[in-house]
Amino acid sequence: MRSLFFALLPLMVSACSLVDLQGADFVGQEDARRYVAACARSHTDLYCKALLPTLERTPGEVTVLLVNLGDSDRTAAIERELRRQGLTLDGFVGSAAADRFARANIFLAPRIQAGTMTSLDGRSHTVTCRLNELNTEECVIDGTVRGGNANDPRPGVVGNVFVTDAAILPFD
């Protein structure tokens, strides 16, 4: 009886739509592209859906900035930037604005590190890094986006996810 319960548990959870069993929460420390592709399968995550087309067209090792909050908080970060530009979320995914957003928040680098780094849109960014109170590296991009690299370099992990607070880089 117990083995039947564990065999049916994934089916029950997915049927209740509480968790996407193929979504980002179950991916673990995989490469950036696989993580964003899993995240984009969410019905409500516009952030990853907007990143994915540009990411799929970008060769090489990448680091993707990813707000470490729920789908609605990620969408709110994009919406704040769009509002600053006089735009709305209507038709955002697949638009030129989504491509600008993705290019501003993707770096052709295996990880974010101290120094000057260039995002895919060609903009240079000043990055400072230090060890925080938990003795993990925390970096700040342009004095506004704070976070840390989620993946440690190791075999099978290509690229990185830079987990941020609620901020994203401007994309106008």
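First things first, this report covers the structure right here in the doc.

### Notes on the sheet that holds strand β6 (residues 145-149)
1) Next: The strand order β2-β1-β7-β6-β5-β4-β3 describes an open sheet built from seven strands, whose pairing is mixed. Pairing within the sheet leaves two strands with one partner each, and these edge strands are β2 (106-107) and β3 (115-118).
2) Next: Here strand β1 (residues 63-67) pairs with strand β7 (residues 160-164) via five bridges, running parallel. In the strand pairing of β7, Val64 is matched with Val161.

### Describing the side chain of Thr54
1) Next: Along the chain, Thr54 turns up in helix α3 (residues 46-56).
2) Next: Overall, the relative accessible area of 3% leaves Thr54 in the buried class.
3) Next: Here Asp99 takes part through its side chain, which lies 2.6 Å from a polar atom of the side chain of Thr54.
4) Next: Those residues in contact with Thr54 that sit more than four places away from it in its chain are Asp99, Ala102, Arg103, Ile106 and Leu120.

### Observations regarding the side chain of Glu81
1) Next: Counting through the fold element by element, Glu81 comes out in helix α4 (residues 71-84).
2) Next: Among the residues examined, Glu81 registers a relative accessible area of 9% and is labelled buried.
3) Next: Side chain to side chain, Glu81 and Gln85 meet in a polar contact 3.1 Å long.
4) Next: Beyond its immediate stretch of four places on either side in the chain, Glu81 contacts Ile168, Pro170, Phe171 and Asp172.

### A word on the environment of Ile141
1) Next: Locating Ile141 in the fold gives a position in strand β5 (residues 137-141).
2) Next: Contact partners of Ile141, with chain neighbours within four places excluded, come to Leu65, Ile112, His125, Thr126, Val127, Phe162 and Leu169.

Parameters at a glance
- Residues numbered from 1 in each chain as written.
- Predicted model: local features only at pLDDT ≥ 70, side-chain atom pairs only at ≥ 80, totals over all residues.
- Heavy atoms only, no water.
- Pairing = 2+ DSSP bridges.
- Helix = DSSP H or I, 4+ residues; strand = E, 2+ residues; numbered from the N terminus.
- Buried < 20%, exposed > 50% of the residue type's maximum accessible area, 1.4 Å probe, protein only.
- Polar contact = N/O pair within 3.5 Å; in protein donor to acceptor, adjacent residues only side chain to side chain.
- Contact = heavy atoms within 4.5 Å.

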